[in-house]
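Summary of structural features
Each chain, letter by letter, is given below.
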Amino acid sequence: MIRIKFILVIILFLSPMSLLAESDNSSSEAGLFYSTWGSGVMGGYNYSNEIHFGASFSSGDTSTESEGLGASIKSQSTFMTVNAFSRYYLRDLGITTDGLFGQAGLAFRNWTGKGSIIDDRTQAKIASIKIDLSPVVIVTGVGWHKVWGFGLSFSVAMNASIGGSKTIEYTENMHRFSDSMKKDLEKKTDYPTNLVIYIGYSF
């Protein structure tokens, strides 16, 4: 009799759990990505078929060099970014929209940009620029995400930062920046948009 009662209790306990598991559409995933703002790791939780919460960490740097009349311009940008976001998937609008999503969130960043004008003859730094960007910005974007039956997850997205500010410091040793040169250096050390290519595993 005790054994029968014990079995009945187990059945009653497991029945609602199994019903919950059948109705629970949540899942998690993690993977690696490459982006304009650097490479890193990304993880997420699918709260429902339409709503996804995620976070990522990335770091990287980029540099450019161009030649002028008797001088060369060198620029370098360094990125370290933590991004927290939510996505909404367009699931019910038709088969052509399956996997499309819009997302929004906050990026916490440590970004710096530097540019120098180097005299080709003496290799002396005749002028330089330093840019510090504000640590927090809003990031929004759109993309496409696909998860295959065996768990492979792939997405591509284009994001843009909104708001934020930057502090620019010019040093003019033996050369004065023209307005066009300032604009060129600022453009080479600022990256308002971000292309993200991600591959991971859903579980």
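Since we're looking at a predicted model, the values are computed, not measured. (Residues numbered from 1 in each chain as written. Predicted model: local features only at pLDDT ≥ 70, side-chain atom pairs only at ≥ 80, totals over all residues. Heavy atoms only, no water.)

1. A short note on the overall build of the chain
- Along its length, the chain carries two helices and 11 strands.
- Secondary structure of the chain in N-to-C order comes out as α-β-β-β-β-β-β-β-β-β-β-α-β.
- A burial count over the chain gives 33% of its 203 residues as buried.
- The long-range share in the chain, meaning contacts at least 24 apart out of those at least 6 apart in sequence, stands at 62%.
- With the model as given, the accessible surface of the chain reaches about 12400 Å², and the carbon-plus-sulfur share is 63%. (Helix = DSSP H or I, 4+ residues; strand = E, 2+ residues; numbered from the N terminus. Buried < 20%, exposed > 50% of the residue type's maximum accessible area, 1.4 Å probe, protein only. Contact = heavy atoms within 4.5 Å. Areas by Shrake-Rupley, 256 points an atom, 1.4 Å probe, with all protein chains shown as cover.)

2. Quick word on the side chain of Ser128
- Structurally, Ser128 is set in strand β7 (residues 125-133).
- Aside from chain neighbours lying at most four places away, what touches Ser128 is Gly115, Ser116, Glu169, Tyr170, Thr171 and Phe177.

3. Re the pairing of strand β1 (residues 27-35)
- Pairing between β1 and strand β2 (residues 38-46): nine bridges, direction antiparallel. Following the sheet pairing, Phe33 is matched in β2 by Gly40.
- What sits between the antiparallel neighbours β1 and β2 is a turn of two residues.
- Taken together, the seven bridges between β1 and strand β11 (residues 193-202) define a ladder with antiparallel strand orientation. Across the sheet, the residue bridging to Ala30 is Tyr201, located in β11. (Pairing = 2+ DSSP bridges.)

4. Details of the environment of Met174
- When you line up the elements, Met174 lands in the loop between β10 (166-172) and α2 (179-188).
- Using a relative accessible area of 59% as the deciding quantity, one classes Met174 as exposed.
- Once residues within four sequence positions are removed from consideration, Met174 is found in contact with Ala124, Lys125 and Ile126.

5. Focus on the environment of Thr167
- Mapped onto the fold, Thr167 is located in strand β10.
- Once residues lying within four places of it in the same chain are set aside, the contact partners of Thr167 are Lys130, Ile131 and Asp132.

6. Regarding the nonpolar core
- Counting 18 residues, the largest nonpolar core has Trp37, Trp111, Ile117, Val139, Phe177, Met181 and Leu185 as its most contacted members.
- At the level of secondary structure, the elements contributing two or more residues to this core comprise β4 (71-89), β7, β8 (136-147) and α2.
- Examining the composition of this core, we find that five residues originate from one element, β7, more than from any other.
- What Trp111 contacts, discounting residues up to four positions off in sequence, is Trp37, Thr78, Phe79, Met80, Thr81, Ile131, Asp132, Leu133 and Tyr191.
- Grouped together as the second largest cluster of nonpolar side chains are five residues, Phe33, Met42, Val196 and Tyr198 included. (Core = buried A, V, L, I, M, F, W, Y, C linked by side-chain atoms within 4.5 Å.)

7. Focus: a nonpolar patch on the surface
- On the surface, a nonpolar cluster with roughly 850 Å² of combined accessible area is contributed by Leu32, Val41, Phe57, Met80, Val82, Leu106, Phe108, Val136, Ile138 and Ile162.
- For the nonpolar patch, the secondary structure elements donating two or more residues are β4, β5 (100-109) and β8.
- Looking at the element boundaries, Ile162 is found in strand β9 (residues 152-162).
- The class for Ile162 is partly exposed, based on a relative accessible area of 45%. (Patch = residues over 30% accessible without salt bridge, like charges linked within 9 Å, V, L, I, M, F, W, Y side chains within 5 Å. Salt bridge = Lys/Arg side-chain N within 4 Å of Asp/Glu carboxyl O.)

8. Overview of α2
- Buried within α2 we find Met181, Leu185 and Glu186. For α2, the angular spread of buried residues about the axis comes to 130°, placing them on one side. Pointing more than 90 degrees away from the buried face of α2 are the exposed residues Asp179, Ser180, Lys183 and Lys187.
- Contacts made by the buried residues of α2 are with β4, β6 (112-119), β7 and β10. (Arc of directions from axis to C-beta.)

9. Re unusual backbone geometry
- Phi at Gln123 is positive, roughly 60°, even though this residue is not glycine.
- Counting through the fold element by element, Gln123 comes out in the loop between β6 and β7.

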